[in-house]
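Overview (structure and organization)
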Amino acid sequence: MDAAVTPVSSTILQRICERLAGWTIATAAFALLMLVLVQGWQVIARYVLNDSPSWTEPVTLLMLSTAMSMGAAAGVHTRRHFAFSLLAEALGPRAKHAVHKFQSVVVVILGAMLAYWGGVLFVDGVHIPTAGAPLPESIDYLPLAIGGALMALFAVSQMFHDAPAAEVH
């Protein structure tokens, strides 16, 4: 199989999205690494030292929320999340284009809702302290809001530039 790369001009929005997607993936990877380290410390502290720290659970939930939200946003950018790819591949070129546009509209709506309601939930509980860690109780909603905003931004970019980067023939 040989892959034909479609030459496309790069807009400022696309370059911004590419850079943001790189930071998003790096953030998700860092959050996963921190999640493993925090849980590793939890196991050592609990079963070896017999002194379980209280801060590990809220920090783990924050890292999990961050990894999932940023990973989902990066998946939207690469059209691997919310892509309807099985449906699109079964259709002709015009219908495939329409499905890609529809997918982008759906992701913009979902991303905007996640960003809005995640932001509302974050702000609503920011004054309540978390038990066991010096963090606001609602900190887990901040990555959800940021991830939703990134999903919407990436989908808007795809709406204006709806050519796949590479197609396998």
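Conventions and cut-offs
- Residues numbered from 1 in each chain as written.
- Predicted model: local features only at pLDDT ≥ 70, side-chain atom pairs only at ≥ 80, totals over all residues.
- Heavy atoms only, no water.
- Phe/Tyr/Trp six-rings, centres within 6.5 Å; stacked < 30°, edge-to-face > 60°.
- Helix = DSSP H or I, 4+ residues; strand = E, 2+ residues; numbered from the N terminus.
- Expected span 1.5 Å × (residues − 1).
- Buried < 20%, exposed > 50% of the residue type's maximum accessible area, 1.4 Å probe, protein only.
- Axes fitted to C-alpha atoms, helices over the stretch in contact; angles between N-to-C directions.
- Parallel < 35°, antiparallel > 145°, perpendicular 65-115°, else oblique.
- Contact = heavy atoms within 4.5 Å.
- Core = buried A, V, L, I, M, F, W, Y, C linked by side-chain atoms within 4.5 Å.
- Patch = residues over 30% accessible without salt bridge, like charges linked within 9 Å, V, L, I, M, F, W, Y side chains within 5 Å.
- Areas by Shrake-Rupley, 256 points an atom, 1.4 Å probe, with all protein chains shown as cover.
- Salt bridge = Lys/Arg side-chain N within 4 Å of Asp/Glu carboxyl O.
- pLDDT = per-residue confidence, 0-100.

Tallying each qualifying case throughout the model produces one aromatic pair. Here the aromatic rings of Y116 and W117 are separated by 4.9 Å at their centres, their planes lie at 80°, and the arrangement is edge-to-face.

Structural remark: α-helix, 3.6 residues per turn; residues separated by three or four positions point the same way. Taking 1.5 Å per residue, 32 residues should reach 46 Å; helix 4 (residues 93-124) reaches 46 Å between its end C-alpha atoms and fits that length. Regarding helix 4, the residues found buried are K96, V99, H100, Q103, S104, V107, G111, G118 and F122.

Okay, the packing of helix 2 (residues 56-77) against helix 5 (residues 141-160) next. Each packed pair of helices is defined by two parameters, the angle between the axes and the distance between the axes. At a closest axis distance of 8 Å, the pairing of helix 2 and helix 5 adopts a crossing angle of 5°. Considering the angle they form, helix 2 stands roughly parallel to helix 5. Taken together, the residues of helix 5 that come into contact with helix 2 (itself represented by L62, S65, T66, S69, M70, A72, A73, V76 and H77) are P143, L144, I146, G147, L150, M151, F154, A155 and Q158.

Grouped together as the largest cluster of nonpolar side chains are 12 residues: C17, A21, A28, M70, A72, A73, V76, V107, L150, M151, F154 and A155. Put simply, the parts of the chain that give this core at least two residues each are helix 1 (12-48), helix 2 and helix 5. Every residue in contact with M70, bar those within four places of it in the chain, is listed here: T24, T27, A28, P143, I146, G147 and L150.

Our focus in this paragraph is helix 5. Here helix 5 is 20 residues long and its end C-alpha atoms lie 29 Å apart, about the 28 Å a rise of 1.5 Å per residue gives. For helix 5, every residue scored as buried is listed here: P143, A145, G147, G148, L150, M151, A152, F154, A155, S157 and Q158. Buried-residue contacts for helix 5 involve helix 1, helix 2 and helix 4.

For the rest of this paragraph, the subject is the side chain of T60. The residue T60 is located in helix 2 in this model. Those residues in contact with T60, other than ones at most four positions away along the chain, are L35, V38 and Q39.

All right, on to a nonpolar patch on the surface then. A cluster of nonpolar side chains, contributed by W41, V43, I44, Y47, V48, L49 and W55, occupies part of the molecular surface with about 740 Å² of accessible area. Topologically, Y47 is positioned in helix 1. Using a relative accessible area of 62% as the deciding quantity, one classes Y47 as exposed.

Residues of the protein chain with pLDDT of at least 70 account for 86%, and the chain-wide mean is 85. No element of the protein chain has a lower mean pLDDT than strand 2 (residues 166-168), at 40, and none a higher one than helix 2, at 93. The low-confidence segment residues 1-7, where pLDDT is below 50, has 10 contacts with residues more than four positions distant or belonging to other chains. Across residues 164-169, confidence stays below pLDDT 50; counting only partners more than four residues off in sequence or on other chains, it has 10 contacts.

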